[in-house]
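The lines below spell out each chain.
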Amino acid sequence: MSDEPVAIRSDRAPVIEPGHTFATVTDKISSIVLTRPTSTGWLVGFGISFLLTMMMLYAIGYLFVRGIGIWGVTIPIGWGFAIVNFVWWIGIGHAGTLISAILLLLRQSWRNSINRFAEAMTLFAVSCAGVFPLIHVGRPWLAYWLFPYPNTMNYWPQFRSPLVWDVFAVSTYATISLVFWFIGLIPDLATLRDRSENHWARIIYGMLAMGWRGSARHWHRYETAYLLLAGLATPLVLSVHTVVSFDFAIGIVPGWHTTIFPPYFVAGAIYSGFAMVLMLAIPIRKFYGLEDFITERHLQNSAKVMLATGLIVGYGYIMEAFMGWYSGNRYEAFTLWNRLHGPYAFWYYMLLTCNLVIPQLLWIRKLRTSPVALFLLSAVILVGMWLERFIIVVVSLSRDFQNSSWGMYYPTRWDWMTFIGTIGMFLAAMFLFCRILPMISIFEMRTLLPEAEVKE
Amino acid sequence: MPQPNGQTLREDVCPGKKDKLVQLDLANRGQRTEPTTGPQYWRSLEELAGDPEFHEKMHREFPRGASEWADAVSRRGFLKLMSASLAMAGMTACTKQPLEPIVPYVRQPEELIPGRPMFYATAFELGGYASPVLVESHMFRPTKIEGNDLHPASLGGTDVFAQASILGLYDPDRSQTITHLGAVRTWGALLDAIHGPLNVQKALAGAGIRILTPTISSPALADQLRAVLKVYPQAKWHVYEPVNRDNVLEGAKLAFGQPVETRYQLENADVILSLDADFLYAGYPGFARYAYDFAKRRDPDAGSMNRLYVVESTATSTGGKADHRLPLKATEIEGFARALAGSLAAGANGAANSQPAKFVNAVADDLKAHPGSSLIIAGDHQPPAVHALAHAMNQTLGNVGKTVVYTDPVDANPVNQNESLQELVAEMRGGKVDLLVIMGGNPAYDAPADFGFADALKNGGIPLRIHLGLYNDETAELCHWHVNRAHYLESWGDTRAYDGTVSVVQPLIAPLYDGKSPLELAAVLAGQADPNSHAIVQAYWQKQHPGADFDMFWRRSLNNGWIDGTACPTKQVSPRAANLGTSSAADSPGIELSFRRDPSLYDGRFANIGWLQELPRPMSKMTWDNPVLIGPALAERLRLNSKDVVELELNGRKIEAAVWIQAGLPDNSVTVYLGSGRTRAGRVGTGAGFNFYPLRSSAAPWVASGVQIRPTGGTYMLACTQGEQTMDTPVGARPLVRVATLDEYRKEPDFAKDEEPPAELTLYPGFPYHSELYAWGMAIDLNKCVGCNNCIIACQSENNIPIVGKEQTGLGRHMHWLRVDAYYEGDRNHPKAYFQPVPCQQCENAPCEVVCPVGATTHSTEGLNDMVYNRCVGTRYCSNNCPYKVRRFNFLLFQDWETPQYKMMRNPDVTVRSRGVMEKCTYCVQRINEHRIDAEKAETKIKDGELQTACQQSCPADAIVFGNLNDPESQVSKLKAGHRNYSLLADLNVRPRTTYLAVIRNPNPELEAPAERS
């Protein structure tokens, strides 16, 4: 063990607690997968989330049998929970890509502790998001018509529609996230292959490791590929939610037709994404004893990102309200009035409280370093960001140009079952991930150790 | 969502999908089947139930219709027929032409061309008055009702009841068999059963025979009934209909000493005063013509505009069209009429003038200024004295012969129907009735509560009770025999329009269920052995027209839809020096209850017609229910909100019902619509709404005072189709309906115009629509629109639009492609009202099209915003982005794909949409294509006016004009070039093809200072 201190500023917590070596890092992380027995807590947690997933499948099955009339959507509110949840989940995914790609390019090495499960979170969040566009259409068995493919029907998508852009944005995003995550896993899969004592585990990890031997040439190619993929993923952080925001900004509905939507949506996505990262990281580090790897530093940094993006989102709210008044457009003005005084006003104030008021507590350093406080704040922010999408999608649609066609949206039990079901699916996938794959990148953690410092 | 009051779950709403009514008496089958040993095998439920008709069928091998098929039938057609008729036992030979010759309308080819519809003239009857119609028939299946544009009582217009009658024809819940005590019987069995009692009666001169009919104007049927009375001189013919015109009759007797029919000529009237008369809505005799004449005088650019004053006791669409409207309690209207008569010095002793004197004086001055061109119309719900006063005032003003004419009654038996029924019930109770024949109507449900008709029917000890009706309804249940009546589209008859013109009712299809017409039943009573309604009608008219040219006469009459020279001639009547007494209605304390015919269900007879149940009432936009309508001020005092449940108590009788706050009701007055809350209407109508007949007594059939209203604390789900009924928002009013007074319009004719954004202000390249042959467009004159809802039903019928049921309507999922928005302006207690029909606006820069990911909605070169149902995957993005919210989505499988009757009803030219597909108004593209094909074959262009959309065709007020914008001479081009033309939401630059002509009001300066409006 080297006695050289890790080069960090003394006023900051370290990204990895002192006293670790290559061996202890590898042991610690791989043991969670390989030797640690399956705990009761894991079984209960996985069981519950699995049941919720089944509930979602039941709700979707019934939806396919009956039609989307089982939901609360109606005319004029043609989009309801499905789109709200879609946007929410896609947004959550953004933090993973930001952490793994942008922070990699910016050489923020603290990201190494959290990028693996943040990427996994991205993947699972995008999967949850991907459920909704498919099932929310009236005839889901024809949803593939949104893809351009050669066919005999002389049929081609209508490329002026933001929904087609969405298809490309989201499918690209899902593909890149998957590839990026998997490439990053290869060296660790090889480690698991080598350390695993179970015959089948060795075969499976071995196949997934794709013949990784750790040669210098492997590492060279790996680094290049990883950097290239990071470069590909980086614009996606900005573009995917920009395209999602176009679903609304391109529409003429007052409350949707807003040029500020792209940056405001991206900031909101990262905001909610970091909240989800914290909500996952805090219990994981607690239950698996990973406080050495996910340190106070990570919590602090995540909290600061949330504070910054939260302020951008707040700016968005203020600008929306300002433009409602400044535009002089009677429909925009009414949309503002309706948010403040209409039937959904309570939820608008809840949104402001959750996203704007309560997160200001993050200015307090003590709270930024308290895992419990951060966990609760993250929960509040996730609720707030969900409400934001609800306000944008539902409240704008409920009262637009024609007074005669105003309506109200009441989610049904099927809406709730599908929404809660996707949370179950997300958690079930996270449980499985923690159990069978190294949730922290072993080899990247090792680069953070003092031993890894190359002496000239 | 919670389901208050145990309403059906939304999964169960599709009315066609509920379990079929079990009409077979399976429970009692043991009584009829012989005791058998060993296992029982049965071929059908009918056999199991021991149905004699089944045995007859087995004996005959083929159902009656099949073996009597006279035409040559191809093998394939024969097999189809066989499978159809055996599968749908009782529904024999669906697409069979009646055996008797019927004559197609001249506009259409004489011979059948497959795929081309034919039009036949016939007439729909309601309350004794005919609506002359043309029926579109596809391969002998009637599919659509249109107004008879040559008939003076229609001029192309119809009403909602006539439009919806096509659904009545195909209603699967219609009574399909003759029954005796609930068991299926044959016509022959009925003839056998009635033979004995009739013989007995013959000896008694028919002293025990009573016939109860609804109002009848049919000359042939009246002749038949009189023939029965001739055979049985002691027999009696009673007449009762719940929505009757007793007051009109008594008013005429009071004024002239004889019953006369009053007919108005609105085109001659400059000033019209309605005393609680709802003459601009369906159900009022002559409505279609009155709406046409009224609207003709609402064009500020052509001649002088009329001025309408409405004094009314509830909120009606007629009141909505008023230039000045005064809500008064129904009992106060007589006082108003007296005060007005006093002012006009009409000879009536003017009662104390407690009414809003300003209004009386202003109206009186205006009327006096227009002698001979003014008109006072008294409502059917007002007491005879008001009618007599109206007659006297019209006389004084010199209007008789100009705006109002008198004729003999159209009603064949003009008696006081309340008294007629009362007499019948007394005799039923007194045991004087041996044979009661109820020919239509449903008195067990709708007779005045104090008569106890149902009780007398059930317990009066009448040995033989026969009911003829379209439905096995509340009355049928209490009769021994029920005879399924043939629908007017499947039987012969005749009827008279409001002006007396006789229309021959010719059937479009052989009776689906072998129903019998009233003519046939009457003939049986008269002793005829095997009556045939065609022969009866023809024989009657042969008597009236004995010449050698009868054949020509008959063909011409059928062809035109009316019989020449049958209009009632005007009649000179002189007013009696009537002593109208003093006001009979003293100021009634407490809350007054008004009973009104339902704007959608009439008296309840249409309760099982889903289109009408789901048709928004013109003012409240309420569907599927008839809540107690209560004014805002009274609701505030009683602390009631819409959807609260209250208990109404009147003379000890109590009913629980929901309330709905309705703008414009007079204070201390609530209104209820009759006709809901049926118990045996069918799968659609049973249980929908509240039955208020139990509160209605013969003494107070229209207005009852002293009703108690107590909140029960409960709430009730009501399905209203309009979100907000005001254009105001907290940040300013929206210019959806644009209004000016006539003076303002003269000063500033372009007040309604917006600054249109420049056409190039769009990302996408424009299209040279002006260089195409056609550019379709529509102009809707809001000043002419009377809010009668006719376009909604016409559209529904033409375009195969499903109904969705109450729960789904409550959620906002109704499917009407065209809606009529009703907006109120000003004080909620004295509002002004405007109607705005909103179909798809067919935007040139359609916001729906750019957002559809699969190109399911695209633009045609003629400017139509087309829907490609096959391509739609159902993202609903187009609806979200539609600023007019005219797109409708099939959230569930709303369309009934199974019921065979509905398959016959549908327009074969329009796709039947399935679940998950967006749909909307297409400007009736199927009609455009049909005319385009014809024009191309003839190498010409479609002429203006030749092509009409369904809404336009049905509009009695001619408020909707559709045509080619590339033809500067077309009517629509001229309207759009006018001053009043404006686009809805023009600033969005969507460039709608549908535009509106602004409302121009014609207020009396005495009542409304010009500065009052901002």
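Look up: the structure comes first, before these words.
Parameters and conventions
Residues numbered from 1 in each chain as written. Chains lettered and ligands numbered in written order. Predicted model: local features only at pLDDT ≥ 70, side-chain atom pairs only at ≥ 80, totals over all residues. Helix = DSSP H or I, 4+ residues; strand = E, 2+ residues; numbered from the N terminus. Buried ≥ 20, exposed ≤ 12 C-beta atoms within 10 Å, placed from the backbone. Contact = placed C-beta atoms within 7 Å. Nonpolar A, V, L, I, M, F, W, Y, C, P; charged D, E, K, R; others polar. Pairing = 2+ DSSP bridges. Axes fitted to C-alpha atoms, helices over the stretch in contact; angles between N-to-C directions. Parallel < 35°, antiparallel > 145°, perpendicular 65-115°, else oblique. Left-handed = near helix turned anticlockwise from the far one by under 90°. Core = buried A, V, L, I, M, F, W, Y, C linked by C-beta atoms within 7 Å. Expected span 1.5 Å × (residues − 1).

Trainee: Mind laying out the overall build of chain B, listing which residues take part and the relevant values?
Mentor: When its secondary structure is counted, chain B shows 32 helices and 38 strands. Counting all 1014 residues of chain B, 60% fall into the buried class. Of the contacts made within chain B by residues no fewer than 6 positions apart, 74% connect residues no fewer than 24 positions apart.

Trainee: Can you tell me about the interface of chain A and chain B, naming the residues and giving the values?
Mentor: Taken together, the contact pairs 42 residues of chain A with 45 residues of chain B. For the side of chain A that touches chain B, the secondary-structure elements that each account for two or more residues are helix H5 (162–195) and helix H10 (330–341) of chain A. Element by element, the count of residues in the side of chain A that touches chain B is highest for H10(A), at four residues. Classifying every residue of the side of chain A that touches chain B by side-chain character gives 23 nonpolar, 14 polar and five charged.

Trainee: I'd like a rundown of the sheet that holds strand S19 (residues 591–596) of chain B, residues and numbers included.
Mentor: Residues and elements named next belong to chain B. Taking strand neighbours around the barrel as the criterion, the six strands line up as S19-S24-S21-S23-S22-S25 in a closed arrangement whose pairing is mixed. On average, adjacent strands in this sheet sit at an angle of 45° to one another, irrespective of strand direction. Bridge analysis of strand S21 (residues 628–630) against strand S24 (residues 669–673) gives two bridges, and the strand direction is antiparallel. Bridging from a neighbouring strand, Ile630 pairs with Val670 of S24.

Trainee: Tell me about the packing of helix H8 (residues 261–287) of chain A against helix H9 (residues 296–326) of chain A, residues and numbers included.
Mentor: All names here are of chain A. Contact pair H8 / H9: the axes reach a minimum separation of 8 Å and the direction vectors enclose 150°. Taken as axis vectors, H8 and H9 run roughly antiparallel relative to one another. Judged by the sense of rotation from one axis to the other, the crossing of H8 with H9 is left-handed. Along the contact surface, H8 presents Tyr264, Ala267, Gly268, Ile270, Tyr271, Phe274, Ala275, Val277, Leu278 and Ala281, while H9 presents His298, Leu299, Ser302, Val305, Met306, Thr309, Gly310, Ile312, Val313 and Gly316.

Trainee: Now, about the nonpolar core: what can you tell me, with residues and values included?
Mentor: If you look at the biggest cluster of nonpolar residues, it comprises 433 residues, and the most contacted ones within it are B:Leu275 and B:Ala291. Sort the elements by how many residues they give to this core and H8(A) lands first, with 17 residues. Once residues lying within four places of it in the same chain are set aside, the contact partners of B:Ala291 are B:Gly157, B:Leu280, B:Val786, B:Cys788, B:Pro956 and B:Ala957.

Trainee: Account for the sheet that holds strand S10 (residues 307–312) of chain B, with residues named and values stated.
Mentor: All names here are of chain B. A sheet is described by the order of its strands in space; here four strands give the open sequence S11-S10-S9-S12, paired in parallel fashion. Lying at the two open borders of the sheet, with one neighbouring strand each, are strand S11 (324–327) and strand S12 (374–378). Neighbour to neighbour, the strand axes of the sheet diverge by 10° on average, direction disregarded. One ladder, built from five bridges, connects strand S9 (residues 271–275) with S12; its direction is parallel. Bridging across to S12, Leu275 finds its partner in Ala378. Together, S9 and S12 form the strand contacts of helix H14 (residues 384–396), whose direction differs from that of S12 by roughly 170°.

Trainee: Mind laying out the pairing of strand S2 (residues 129–138) of chain B, listing which residues take part and the relevant values?
Mentor: All names here are of chain B. Among the 10 residues of S2, 10 are classified as buried, and the element is accordingly described as predominantly covered. Residue alternation in S2 divides its side chains into two sets, Tyr129, Ser131, Val133, Val135 and Ser137 and Ala130, Pro132, Leu134, Glu136 and His138, and both sets are buried. As defined by bridge partners, strand S1 (residues 118–126) adjoins S2 across nine bridges and the pair is classed as antiparallel. What sits directly across from Glu125, in S2, is Ala130. Linking two consecutive strands that pair antiparallel, namely S1 and S2, is a turn of two residues; a positive phi of about 60° is found at Gly127 within it. Relative to strand S3 (residues 141–147), S2 is paired through six bridges, and the arrangement is antiparallel. Bridged to Leu134 within S3 is Glu146. Between S2 and S3, which pair antiparallel one after the other, the connecting turn spans two residues, and Met139 there sits at a positive phi close to 50°.

Trainee: Would you mind going over unusual backbone geometry in detail, with residue names and values included?
Mentor: For the peptide bond that leads from A:Ile75 to A:Pro76, omega is 15°, which places it in the cis range. The backbone of B:Arg639 sits at a positive phi, close to 55°, despite the residue not being glycine. You can see B:Arg639 is positioned in the loop between helix H23 (632–637) and strand S22 (644–650). For B:Arg639, a count of 8 C-beta atoms within 10 Å gives the class exposed.

Trainee: With reference to specific residues and values, describe helix H15 (residues 417–429) of chain B.
Mentor: Residues and elements named next belong to chain B. Here H15 is 13 residues long and its end C-alpha atoms lie 18 Å apart, about the 18 Å a rise of 1.5 Å per residue gives. For H15, the elements touching its buried residues are strand S6 (209–213), strand S7 (236–239), helix H9 (246–256), helix H16 (443–446) and helix H17 (453–459). Directly after H15, the chain includes Gly431, whose backbone phi takes a positive value near 75°.

Trainee: Please set out the environment of B:Ile655 residue by residue, giving values where relevant.
Mentor: All names here are of chain B. Relative to the elements of secondary structure, Ile655 occurs in strand S23 (residues 653–661). With 39 residues separating them in the primary sequence, Ile655 and Pro694 have C-alpha atoms 8.1 Å apart. When near neighbours in sequence (up to four residues on either side) are disregarded, Ile655 contacts Leu648, Phe690, Phe692, Pro694 and Leu695.

Trainee: Could you give me a rundown of the pairing of S6(B), with the residues and numbers involved?
Mentor: Residue and element names in this part refer to chain B. Burial analysis of S6 places five of its five residues in the buried class, the great majority of the element. Side-chain alternation along S6 places Ile209, Ile211 and Thr213 on one buried face and Arg210 and Leu212 on a second face that is also buried. Pairing analysis gives four bridges linking S6 to strand S14 (residues 435–439), with the strands arranged parallel. In the strand pairing of S14, Ile211 is matched with Val437. Looking at chain direction, S6 and S7 are connected through four bridges and run parallel. Bridging across to S7, Leu212 finds its partner in His238.

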